[in-house]
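Report on the structure
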Amino acid sequence: MPHLYRILFFSLAICFYVKGSTQSFNSISKTLTTDDGLSSNKINDIAQNEDGFLWIATSDGLNRYDGTEVVQYFHSADPHSLPHNYVYCLKPLPGNFIAVGTQSGLAFYNSKTQRFENFYYSVSDSMDEYNNSITRLELAPNGNLWVGTRNCIFIFNTDRKLIKTISSPYTVAEINQKRQKFVERIFP
């Protein structure tokens, strides 16, 4: 989705933001930017969780918007922080978790503990960058989370446990040229 479409989609989502607890519509007639507290104006994805918070994936951190204020989340030395500040994609999960796809691994944010539980797949140092750049998140009808990376697919069950890894057959030299076809076969 081109950058302008993301901004338009984000603006429309803000206008029709539904507060989860009361299910009443809040109309907002402004666009959120870094001047309003966003960590970056480059928005990659947005999602709303069960509590009604709007989560915003940016090129510099994860943001949570409650209709009034923005809370920013960043990578730090804490093992329960974001794995990386570049956030590609988001997927709300049952139990008020949110899956967060970053440039350096997957995180499951638990709203009860307010912590990130991180997943990093390491098999070969030369492939780790490609295996952990999470660019796509999809929920299957059975509740399993399918995670697309630049080189492979991970499937997590409803308890957020890895149950299957589907690796591409490509080498580091081939990955940039051929990986699109591999991922696109699974995620049309």
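In short, a report on the structure. Each residue is numbered by its place in its chain's sequence as written, counting from 1. The predicted origin of the model limits local features to residues at a pLDDT of at least 70 and limits the giving and counting of side-chain atom pairs to 80 or more, whereas totals for whole chains, interfaces and linings rest on all residues. The side-chain quantities take in all heavy atoms of the structure and omit both hydrogens and water.

Observations regarding the pairing of strand β4 (residues 70-73)
By the convention used here, strands pair only if DSSP detects at least 2 bridges between them. Secondary structure follows DSSP: runs of H or I at least 4 residues long count as helices, runs of E at least 2 residues long count as strands, and numbering of each begins at the N terminus. Inspection of the sheet shows strand β3 (residues 61-65) paired to β4 by 4 bridges, in the antiparallel sense. Along β4, the bridge assignment pairs Arg64 with Val71. Linking β3 to β4, which pair antiparallel, is a turn of 4 residues; within it Gly67 sits at a positive phi near 100°.

Regarding the sheet that holds strand β6 (residues 97-102)
Taken in spatial order, the 4 strands line up as β5-β6-β7-β8 in an open sheet, and their pairing is antiparallel. Only two strands of the sheet have a single neighbouring strand rather than two, namely β5 (87-93) and β8 (115-119). Adjacent strand axes in the sheet meet at a mean angle of 25°, parallel and antiparallel pairs treated alike. Alignment of β5 against β6, held across 6 bridges, turns out to be antiparallel. Within the sheet, the bridge partner assigned to Pro92 lies in β6 and is Ile98. The axes are straight lines fitted to the C-alpha atoms, using for helices just the contacting stretch, and the angles between their N-to-C directions are given from 0 to 180°.

Structural notes on the sheet that holds strand β10 (residues 145-149)
Read across the sheet, 4 strands follow the order β9-β10-β11-β12 without closing on themselves; strand pairing throughout is antiparallel. Two strands close off the open sheet at either side, each with one partner strand: β9 (134-139) and β12 (162-167). Recorded for the sheet is a direction-independent mean angle of 15° between the axes of neighbouring strands. In this sheet, β10 lies alongside β9 in antiparallel orientation, the contact comprising 5 bridges. Directly across from Arg136, in β10, lies its bridge partner Gly148.

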